[in-house]
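# Summary of the model geometry
Here's the letter readout for the chains.
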Amino acid sequence: MIDLRGISKSFTIQGKSLPILEVAEWQVQKGERLALIGPSGSGKSTLLHLLSGVMTPDHGEIWVDGQALHQLSESKRDRYRADNVGYIFQDFHLISSLTAKQNVELIVPREWTKKEAAEQLDYWFDRVGLKDRQHHLPSQLSRGQQQRAAIVRALIAKPQLILADEPTGSLDWETAGDIMSLLLEICGDEQLTLLTVTHDLHLADKFPKRVHIQDLNDLYRREAV
């Protein structure tokens, strides 16, 4: 599903190049659910941005489901992301003037019929426990409910790759556990590949697999010697 080869990414700060991420080689199999852990500034979010096509590497190859992202133009990466990636953020990014259902309707595939779209919306909102909250504005929902709506938005079209960047970072401890368990359960049932950045080791322990970002960087440096 994911194959990284000789990846490096740096940012220029005050005229100096600052290495952020270096990955010699890394593979993720289709349907895997893993937590990316590591300190702030270690490149976790940068890795998600590279896998989504938001960023491009300075060097190396990024292959996702047979597509060479490092060779795609910006417009083609945008198309790849729209068709293949579901992104879940810490801050939800729901449009405040639209209901939860309307926020999700914005990304419903155009080829779906009205009947199919209605059935899928009802199914997914029921699945995340928001069946009676579809017509509520974000301000009328709790933060946990807002993240459940954001999960529906990311997963309703069943993209093969789900990228979650600190999806529970703004939630209380109990709600965070519930949301993470829900996300893991759905991705497991649907056989979707899930990469989740989290700083919470207790939440990371819920995942079948955990990867410390520093281990990827250290491997790159050892192979470069």
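Anything mentioned here points back to the structure above.
Overview of the structure. (Residues numbered from 1 in each chain as written. Predicted model: local features only at pLDDT ≥ 70, side-chain atom pairs only at ≥ 80, totals over all residues. Heavy atoms only, no water.)

## A word on the overall build of the protein chain
Each helix and strand in the protein chain was counted, giving 8 helices and 9 strands. The C-alpha radius of gyration of the protein chain comes to 18 Å, within 12% of the 17 Å expected for a compact globule of 225 residues. In the protein chain, which comprises 225 residues, the proportion classed as buried is 47%. Here the contacts in the protein chain between residues at least 6 apart in sequence split such that 73% fall between residues at least 24 apart. Between the averaged position of the 26 positive side-chain charges in the protein chain and that of its 31 negative side-chain charges there is a distance of 3 Å. (Helix = DSSP H or I, 4+ residues; strand = E, 2+ residues; numbered from the N terminus. Rg over C-alpha atoms; globule rule 2.2 N^0.38 Å. Buried < 20%, exposed > 50% of the residue type's maximum accessible area, 1.4 Å probe, protein only. Contact = heavy atoms within 4.5 Å. Lys, Arg positive; Asp, Glu negative; His and termini not counted. Charge placed at Lys NZ, Arg CZ, Asp CG, Glu CD.)

## A short note on the sheet that holds strand β1 (residues 2-13)
Taken together, 4 strands build an open sheet; the order of strands is β2-β1-β4-β5 and the sheet is antiparallel. This sheet does not close on itself; its edge strands, each paired only once, are β2 (16-28) and β5 (67-68). Across 11 bridges, the pairing between β1 and β2 is antiparallel. Along β2, the bridge assignment pairs D3 with Q27. Along the sheet, helix α1 (residues 44-52) contacts β1, β2 and β4 (59-64); its crossing angle with β1, the most-contacted strand, is approximately 120°. (Pairing = 2+ DSSP bridges. Axes fitted to C-alpha atoms, helices over the stretch in contact; angles between N-to-C directions.)

## What to know about a nonpolar patch on the surface
A cluster of nonpolar residues, I95, L106 and I107, forms a patch on the protein surface that exposes about 260 Å² of accessible area. Following the sequence through the fold, I95 ends up in the loop between β6 (85-88) and α3 (100-105). (Patch = residues over 30% accessible without salt bridge, like charges linked within 9 Å, V, L, I, M, F, W, Y side chains within 5 Å. Areas by Shrake-Rupley, 256 points an atom, 1.4 Å probe, with all protein chains shown as cover. Salt bridge = Lys/Arg side-chain N within 4 Å of Asp/Glu carboxyl O.)

## Comments concerning the packing of aromatic side chains
Evaluated as defined, the whole model comprises 2 aromatic pairs. A centroid spacing of 4.8 Å and a plane angle of 0° characterise the contact between Y87 and F89, whose relative ring orientation is stacked. Ring plane angle 85° and centroid distance 5.6 Å describe the contact between Y123 and W124, whose orientation is recorded as edge-to-face. Across the ring face of W124, the terminal group of R127 is positioned such that the distance to the ring centre comes to 5.4 Å. (Phe/Tyr/Trp six-rings, centres within 6.5 Å; stacked < 30°, edge-to-face > 60°. Lys NZ or Arg CZ within 6 Å of the ring centre and 35° of its normal.)

## What about the nonpolar core?
In terms of nonpolar packing, the biggest core is built from 38 residues, with I88, F125, L155, I156, L183 and L194 touching the most fellow members. The set of elements that each furnish at least two residues to this core consists of β3 (33-37), α3, α4 (114-127), α5 (143-155), β7 (161-165), α6 (173-190) and α7 (201-204). In terms of residues, this core owes the most to one element, α6, which gives 8 residues. (Core = buried A, V, L, I, M, F, W, Y, C linked by side-chain atoms within 4.5 Å.)

## Some points on the sheet that holds strand β9 (residues 209-212)
If you walk across this open sheet you meet the 5 strands as β6-β7-β8-β3-β9, and the pairing is parallel. At either end of the open sheet lies a strand with only one pairing partner, and these are β6 and β9. Across the sheet, the axes of successive neighbouring strands diverge by a mean angle of 20°, strand direction being ignored. Across 4 bridges, β3 lies against β9 in parallel orientation. Across the sheet, residue A35 finds its bridge partner in β9, namely R210. Its contacts with the sheet place helix α2 (residues 74-84) against β6 and β7, and it is angled at close to 80° to β6. Strands in contact with α5 are β6 and β7; relative to β6, the strand with the most contacts, it is inclined by about 170°.

## Here we look at the packing of α4 against α6
One way to put it is that α4 packs onto α6 with a least axis distance of 12 Å and a crossing angle of 135°. When the interaxial angle is binned, α4 and α6 end up oblique. Seen from α4, the contacting residues are Y123, W124 and R127; seen from α6, they are L182, I186, D189 and E190. Partitioned by chemical class, the residues of the contact of α4 with α6 number 4 nonpolar, no polar and 3 charged. (Parallel < 35°, antiparallel > 145°, perpendicular 65-115°, else oblique. Nonpolar A, V, L, I, M, F, W, Y, C, P; charged D, E, K, R; others polar.)

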